[in-house]
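Chain residues, written in single-letter form:
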Amino acid sequence: MTFPWKFELERRLEVSRWVSWGVPTVSVLVAFFFGGIILSLAGAPPIETYRAMAAGAFGSISEWVDGNFFAVTETLVRATPLIFTGLAVAMAFRMLFWNIGTEGQLVMGAIAGTWVAIYLPDLLPWLPQTRWVYIPIGIIAATIAGATWAFIPAIMKVKLGVDEIISTLMFNYIAILLYQQLYTGPWKDPEGFGFPGSALFPEFTWFPKFSEMPVLNVLGGRIHLGFVLAVLVAGVLWVIMDKTRRGYEVRLLGENTNAAKYAGISVVRNVLFVMILSGGVAGMAGLSEVAGLGHRLQAGLDVGNGFTGIIVAWLAKLRPWSVVIVAILMAALFVGGDQLQISLGLPASISGVLQGAILISVLSGDVFTRYRLKVTRIGVVAPAVGEEA
Amino acid sequence: MDLDLVTSILAIATFAGASLVLATIGEIFTERVGILNLGVEGMMIMGAVTGFAAAYRTNNVWFGVLIAGIVGGLMALVHAFATITLRADQIVSGLAITLLGTGLASFLGQILGPDGGALVGLTGPKFTKWPIPGLSSLPLVGEGLFNQDPIVYSLFVVVPVSWFFLYKTRPGLYLRAVGESASTSDAVGVDVFRRRYGYTVLGGVMAGIAGSHLSLSYTPGWTENLTGGRGWIVIALVIFATWNPARAVVGAWLFGGVNAIQFRLQAEGTNLPSSILNMSPYILTIVVLVLITRTDKLRQTIGAPAGLGIPYYREERG
Amino acid sequence: MTTTQPGTQHQLVVEMRDITKKFPGVIANEDVTLEVRRGEIHALLGENGAGKSTLMSVLCGLYQPDGGSLHLALHQDELHQIVLRSPRHAIHAGIGMVYQHFKLIPTFSVAENVLLGAEDTPTVLDLKQAGARIKEIGERFGLPVNPEAKVWQLSVGEQQRVEILKQLYRGASLLILDEPTAVLTPQESDALGETMHSLAASGVSIVFISHKLDEVIAYADRVTVLRDGKTAATVDVVDVTKADLARLMVGRDVLFSVEKADADLGADALVLDHVTALGDRSVTAVNDISLTVRGGEILGIAGVAGNGQKELVEVMTGLRTPTAGSITVRGNDLTGKSAIDFIRGGVAHVPADRLGQGLAGNLPLTDNVILKSFRSEPISRRSFLNKKAIHELSTRLIAAFNVLPGNPDAPASGLSGGNQQKLILAREIDATDRLAVGDEPAVLVAVYPTRGLDVGAIEIVRDALLNQRAIGAAVVMVSEDLDELRTLSDRIAVLHGGEVMGIVDPKTTSKDDLGLLMAGERLS
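Residues numbered from 1 in each chain as written. Chains lettered and ligands numbered in written order. Predicted model: local features only at pLDDT ≥ 70, side-chain atom pairs only at ≥ 80, totals over all residues. Heavy atoms only, no water.

What follows covers the pairing of strand β11 (residues 268-278) of chain C. All names here are of chain C. Summarising the sheet, β11 and strand β12 (residues 284-294) pair through seven bridges and their orientation is antiparallel. Each bridged residue has a counterpart across the sheet, and for Asp-268 the counterpart in β12 is Arg-294. Looking at chain direction, β11 and strand β14 (residues 324-329) are connected through five bridges and run antiparallel. Counterpart to Leu-272 in the pairing with β14 is Ile-327. (Pairing = 2+ DSSP bridges. Helix = DSSP H or I, 4+ residues; strand = E, 2+ residues; numbered from the N terminus.)

Below, the structure is given as structure tokens:
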């Protein structure tokens with residue numbers, strides 16, 4: 001006796017707007033539902049917990065009225081590296097280059113930024129020690145470092161055919177170990193009382209905070225230039241991907257390599273271009289973290305921003321502006337989760353659980369944007385006539 | 001270097017490498033059947049926390065191992081369902097498993113303790129070493145091979161059996177065939193779907209148990225980030241071992257040994273930067289990767305399964 | 001029930017009676033009858049789309065026929081009616097299919113591949129014993145292979161041997177070979193012919209699918225010719241000539257009446273001078289070809305599939321670099337240049353594989369329309385795309401070629417085959433239009449341009465090609481349809497084995513002569 005129903009997936013020829021937005025929305029709701037069950041099992045009231053998380057991530061109206069935007073700015077601070085890495089991944093994934101090395105590229109960017117901040121002033125004493133000089137140099141250095149770290153696996157891929165998933169993954173660890181070596185060893189602050197970390201950067205290399213800027217200073221908090229830079233990069237990438245010939249070439253390569261070759265598009269040139277861009281953007285994330293927040297190279301850079309960036313990019317369907325939004329929502333989950341500890345005494349790791357649940361739910365739901373479920377009743381199979389005994 | 005030093009490095013390397021061997025062989029099964037599971041870190045850490053919690057509550061390490069295996073298998077089942085049935089991207093799904101696993105493990109670590117409290121800092125049951133009389137006092141290898149816990153000893157069986165299964169049996173032949181070419185396997189009547197599910201889950205079970213070895217023996221107890229990225233080392237080790245269970249042992253010793261050597265060198269006051277030493281396995285993995293990609297013969301004999309990461313479903317006929 | 005005396009020379013082992021198989025909109029097989037005798041080599045001949053593959057898919061259990069019956073006498077002496085429910089069932093009944101694309105795992109040894117397909121493989125593999133059995137079968141049938149060799153190290157011919165061995169190991173006594181020589185060198189084909197003879201001599205029956213007259217004459221005892229899904233005839237090979245078979249295969253000469261003015265020849269547009277190029281497997285695929293195509297003419301390229309057409313087209317469009325010889329397009333030497341130089345140089349290309357190469361299915365029509373023109377004004381200016389110009393161009397081309405549904409923002413994969421082809425034609429012709437101004441004619445290379453299209457779409461495509469000719473473009477048309485070639489072309493170059501066997505005038509050359517050229521015989 002077999003199951004009398006047959007389930008088949010049938011490819012959708014056209015994906016309507018309703019489906020492409022409706023399915024992920026339902027998936028997120030499903031994730032929150034399952035997250036709610038986990039919360040209940042752990043003895044936390046789901047609705048109240050979610051409300052507390054939202055408040056922790058975005059604040060409340062009364063806080064806003066008081067001019068207290070601390071929660072929002074914290075969320076944006078947390079979102080900043082995720083925007084960069086999400087954009088970096090989105091670029092690479094657009095042309096099916098599986099760059100999962102943004103974590104390492106980020107770290108390399110931070111290392112380069114640190115070198116500029118700590119060693120360049122002594123090396124080039126004539127250079128004017130102002131933010132107008134040092135911040136652009138830092139950005140360029142971090143971009144080059146990240147781009148280089150991405151370029152090596154890219155060239156290994158196009159020239160030697162080496163699988164980029166593994167090579168970029170290995171490059172993450174090499175970069176992280178280098179970084180750990182630097183701030184605990186040669187670059188360790190001699191006046192740091194044994195605290196592992198580089199010397200504090202000179203102030204003219206710091207990313208300015210919103211609180212130091214006109215107009216934006218109403219927000220206050222720790223939010224800094226990095227966020228502006230990230231949004232700016234999103235804009236630039238959107239223009240490149242959507243408005244330029246280069247973006248068209250990349251899009252075509254990602255969709256159909258043969259058609260791209262037929263159109264005379266060079267695979268090698270585009271892979272290298274995209275990976276330099278991708279690594280460069282990831283490198284900026286590293287700089288933004290050290291020059292915008294800690295102002296020194298220390299532990300805490302390798303917290304998975306690169307990996308979360310992959311998830312952000314994927315959830316954003318590799319679209320630059322969507323990356324910004326998804327990164328902020330992702331950051332809200334982190335920040336909201338941290339606040340739970342304070343407000344409800346619940347473990348902060350709830351946010352990780354929710355993120356995982358959302359991701360798996362959206363990932364699984366995604367099949368229904370591409371396929372529709374066809375259920376057919378299987379007819380009773382008549383015994384074949386004259387079959388061999 | 002004197003003999004004692006080598007003996008002790010070998011002992012630590014074996015002990016430290018045990019969880020790596022188990023998880024690597026599990027991932028080898030998974031990748032051999034064509035599924036890339038980047039969720040090893042998530043499955044290991046879930047195995048570590050649930051294994052410790054179960055052992056703590058029942059005061060039985062074996063029960064902990066059992067639960068860890070089940071939990072790891074369930075996590076892998078999610079990956080299998082997402083990638084095989086729902087045709088989701090294997091990379092993203094694997095990362096999702098790791099994200100979910102680390103988040104959930106951290107969460108569970110704070111509520112699975114007595115009275116819904118934290119597990120951190122609790123002392124629970126742990127595996128003890130079972131020195132094998134006579135053998136354990138052998139010079140050089142005695143300490144490393146014959147004064148270990150039962151999980152390490154189990155590898156004496158797991159490794160050769162995995163190797164034999166993979167290369168010398170019919171199910172092993174089918175398993176490798178599915179990973180090389182799902183469509184060919186389907187054409188000769190091998191059930192691609194069922195086997196991909198089965199070995200993905202098996203990989204998860206082994207990763208879960210590997211995780212429990214950390215929390216029940218290697219570093220007994222539960223702390224945040226207990227696995228410390230070992231799941232990612234496993235991904236590298238699979239390549240390093242070129243998808244062969246026997247070579248996984250060599251790789252695990254190397255990774256495990258690097259740690260051991262590093263501690264000893266520091267103790268001796270040698271000034272070799274420890275990260276350079278730590279980096280070497282990753283660099284070696286890249287070298288192996290380049291070699292098996294570039295050399296035609298190597299790629300064909302020990303290279304990646306040709307169907308790794310490629311989803312398979314029968315084309316709907318017109 | 002038909003029964004034949006066991007042991008007689010003409011004992012039937014397969015009888016397919018009045019097989020009918022319908023697909024939505026197509027009758028692939030209509031009352032087809034096929035009889036195969038024990039120990040004979042039976043060719044199944046027909047053009048592409050004649051229904052050969054469908055019939056064999058019924059025989060190997062992949063499709064269920066809508067009508068007719070199947071009788072087998074493979075494991076027993078008398079014919080029994082049987083319903084094959086699955087490929088597995090067919091294998092069990094003694095039918096072994098050797099596909100054109102081998103079902104082998106390259107990293108496995110020969111023995112492992114054979115065991116993978118066998119039903120009685122023990123749980124613990126005994127490769128030694130299996131190897132001995134493979135060797136023994138191999139020796140019996142003249143199929144020498146080393147059971148321990150890895151398949152990737154074997155030549156294609158050897159791999160085919162392994163496929164055949166795999167079927168014999170399983171106990172197949174009827175082998176179906178799907179266009180077995182398509183992938184073989186002439187020497188390997190001859191070796192296969194010998195193998196088939198020794199298999200037949202030892203009682204194995206063979207059906208081989210082919211559309212090559214040569215090999216049918218050379219290897220087969222009898223041949224069943226299919227045409228338009230029906231049985232045209234079953235004949236003994238000794239009783240027929242190649243020309244007879246050609247006539248049976250393609251039917252009466254049916255000439256479409258096409259209004260075509262005399263060619264008004266312009267300048268040389270595309271000149272190939274002693275061009276040689278390697279195929280994907282690094283074997284010479286295009287061998288010392290010299291061709292000149294002039295503005296205002298259609299040069300047809302005829303030939304059986306796999307005789308160098310694909311590679312020749314790639315050479316003409318810059319997608320493959322020749323190893324010798326030179327290519328001149330509109331007076332410019334483009335030898336060794338890349339595809340983009342050929343596009344810029346004035347070569348348009350309607351590829352054979354529409355969704356695989358000609359279009360990016362998931363991208364909207366607009367993106368597909370600009371595939372070739374995105375580098376030039378007004379579509380882009382200083383590396384920025386001009387959305388407005390793109391939309392204008394798309395709307396214009398969609399309207400001009402009546403592409404339906406004509407929503408420029410919908411993905412191209414939503415179009416039917418005919419509309420996809422219209423879109424590609426519109427784009428490529430638009431590219432030649434831009435160039436045709438002036439003295440130098442543009443080049444349009446169209447590969448199997450009407451394959452798989454319905455009658456209406458075929459008409460549009462043909463009209464478009466003739467129109468290009470009329471306005472002075474140089475058109476190269478690769479086709480397998482001899483009627484199409486004869487009606488449209490001004491000259492036909494026939495390819496065989498990567499060489500041009502002759503360039504003929506379709507008005508004065510009969511279809512039979514074309515068939516002979518395609519079979520590799522030069523006309524005296």
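Text resumes after the structure shown.
What follows is about the pattern of salt bridges. All names here are of chain C. Counted under the stated rule, the structure contains 24 salt bridges over all chains. Here Glu-314 and Arg-320 are joined by a salt bridge, their closest N and O atoms 2.6 Å apart. In this pair, the class of Glu-314 matches that of Arg-320, namely buried. A salt bridge links Lys-372 to Glu-428; the shortest N-O distance between them is 2.9 Å. Here Lys-372 is found in the loop between α12 (365-369) and β17 (380-381), whereas its partner Glu-428 is found in helix α14 (residues 417-436), with 56 residues between them in sequence. Side by side, Lys-372 and Glu-428 carry an identical accessibility label, which is buried. Put simply, Lys-310, Glu-314 and Arg-320 are held in one network by salt bridges that share partners. (Salt bridge = Lys/Arg side-chain N within 4 Å of Asp/Glu carboxyl O. Buried < 20%, exposed > 50% of the residue type's maximum accessible area, 1.4 Å probe, protein only.)

Of note, Glu480(C) is situated in the loop between β20 (474-478) and α16 (482-488). The spatial distance from the C-alpha of Glu480(C) to the C-alpha of Val315(C) is 19 Å, given a sequence separation of 165 residues.

On to the packing of aromatic side chains, then. All chains considered together, the criterion is met by 23 aromatic pairs over all chains. Ring centres 6.2 Å apart and planes at 45 degrees place the aromatic pair Trp238(A) and Trp321(A) in the tilted group. Here the residue Trp238(A) occupies a position in helix α8 (residues 225-243), and Trp321(A) occupies one in helix α13 (residues 320-343), the gap between them amounting to 83 residues. On the basis of relative accessible area, Trp238(A) is assigned to the partly exposed category, the value being 31%. When the centroid spacing of 6.4 Å and the interplanar angle of 55 degrees are considered together, the rings of Phe208(C) and Tyr219(C) count as tilted. (Phe/Tyr/Trp six-rings, centres within 6.5 Å; stacked < 30°, edge-to-face > 60°.)

Moving on: α13(A). An ideal rise of 1.5 Å per residue puts 34 Å on 24 residues; α13(A) measures up with 34 Å between its terminal C-alpha atoms. Just downstream of α13(A) lies Gly345(A), where phi reads positive at about 70 degrees. (Expected span 1.5 Å × (residues − 1).)

Moving on to the environment of Ser181(B). All names here are of chain B. Assignment of secondary structure puts Ser-181 in the loop between α7 (170-180) and α8 (182-187). With a relative accessible area of 16%, Ser-181 lands in the buried category. Taking the C-alpha atoms as reference, Ser-181 lies 8.4 Å from Gly-34; in sequence the two are 147 residues apart.

Now for the packing of α8(A) against helix α9 (residues 245-255) of chain A. All names here are of chain A. It is the contact of α8 with α9, at a shortest axis distance of 5 Å, that shows an interaxial angle of 70 degrees. Looking at the two axes, α8 sits roughly perpendicular to α9. Between α8 and α9, the contacting residues are Ile-240, Met-241, Asp-242 and Lys-243 on the first element and Arg-245, Gly-247, Tyr-248, Val-250 and Arg-251 on the second. In terms of residue class, the contact of α8 with α9 is built from four nonpolar, one polar and four charged. (Axes fitted to C-alpha atoms, helices over the stretch in contact; angles between N-to-C directions. Parallel < 35°, antiparallel > 145°, perpendicular 65-115°, else oblique. Contact = heavy atoms within 4.5 Å. Nonpolar A, V, L, I, M, F, W, Y, C, P; charged D, E, K, R; others polar.)

On to a nonpolar patch on the surface, then. Residue and element names in this part refer to chain A. On the surface, Val-26, Val-30, Phe-33, Phe-34, Ile-37 and Leu-41 cluster together into a nonpolar patch covering about 610 Å² of accessible area. Along the chain, Phe-33 turns up in helix α1 (residues 17-41). The class for Phe-33 is exposed, based on a relative accessible area of 55%. (Patch = residues over 30% accessible without salt bridge, like charges linked within 9 Å, V, L, I, M, F, W, Y side chains within 5 Å. Areas by Shrake-Rupley, 256 points an atom, 1.4 Å probe, with all protein chains shown as cover.)

In this complex, chain B contributes 23 residues to the contact, which on the side of chain C involves 24 residues. With both chains or domains summed, chain B and chain C bury close to 2,000 Å², and 63% of this area falls on carbon and sulfur atoms. Here chain B and chain C share one salt bridge between them. Salt-bridge contacts for Arg176(B) lead to Glu112(C); the nearest nitrogen and oxygen are separated by 3.0 Å. Our count for the contact surface shared by chain B and chain C stands at five residue pairs in polar contact (both at pLDDT 80 or more). Every element with two or more residues in the side of chain B that touches chain C is listed here: α6 (150-168), α7, α8 and α13 (296-302) of chain B. At seven residues, the largest contribution of residues to the side of chain B that touches chain C is made by α7(B). (Buried area = accessible area lost by both parts, 1.4 Å probe. Polar contact = N/O pair within 3.5 Å; in protein donor to acceptor, adjacent residues only side chain to side chain.)

Right, let's get into the pairing of strand β3 (residues 41-45) of chain C. Residues and elements named next belong to chain C. Counting buried residues in β3 gives five out of five residues, a clear majority hidden from the surface. Here β3 shows two buried faces, one formed by Ile-41, Ala-43 and Leu-45 and the other by His-42 and Leu-44. Across five bridges, the pairing between β3 and strand β8 (residues 205-210) is parallel. By the bridge assignment, Leu-45 is partnered in β8 with Ser-210. As defined by bridge partners, β3 adjoins strand β9 (residues 222-227) across four bridges and the pair is classed as parallel. Looking across to β9, one finds that Leu-45 is bridged to Val-225.

Let us now look at the interface of chain B and chain A. Contacts between chain B and chain A engage 42 residues on the former and 44 residues on the latter. Between chain B and chain A, the buried area comes to about 3,800 Å², and carbon and sulfur atoms account for 80% of it. Taken together, the connections running from chain B to chain A amount to zero residue pairs in polar contact (both at pLDDT 80 or more). Elements represented by at least two residues in the side of chain B that touches chain A include exactly α3 (61-85), α4 (90-111), α10 (230-240) and α12 (274-294) of chain B. The greatest single-element share of the side of chain B that touches chain A, amounting to 14 residues, is contributed by α4(B).

A few words now on the confidence of the model for chain C. Note: predicted coordinates in regions of low pLDDT should not be interpreted at a detailed level. All names here are of chain C. Summarising the model, chain C shows a mean pLDDT of 86, and 93% of its residues fall at 70 or more. Per-residue pLDDT, averaged within each element of chain C, yields its smallest value for helix α8 (residues 242-250) (78) and its largest for β20 (95). The ipTM assigned to the predicted complex is 0.85, against a pTM of 0.85. (pLDDT = per-residue confidence, 0-100.)

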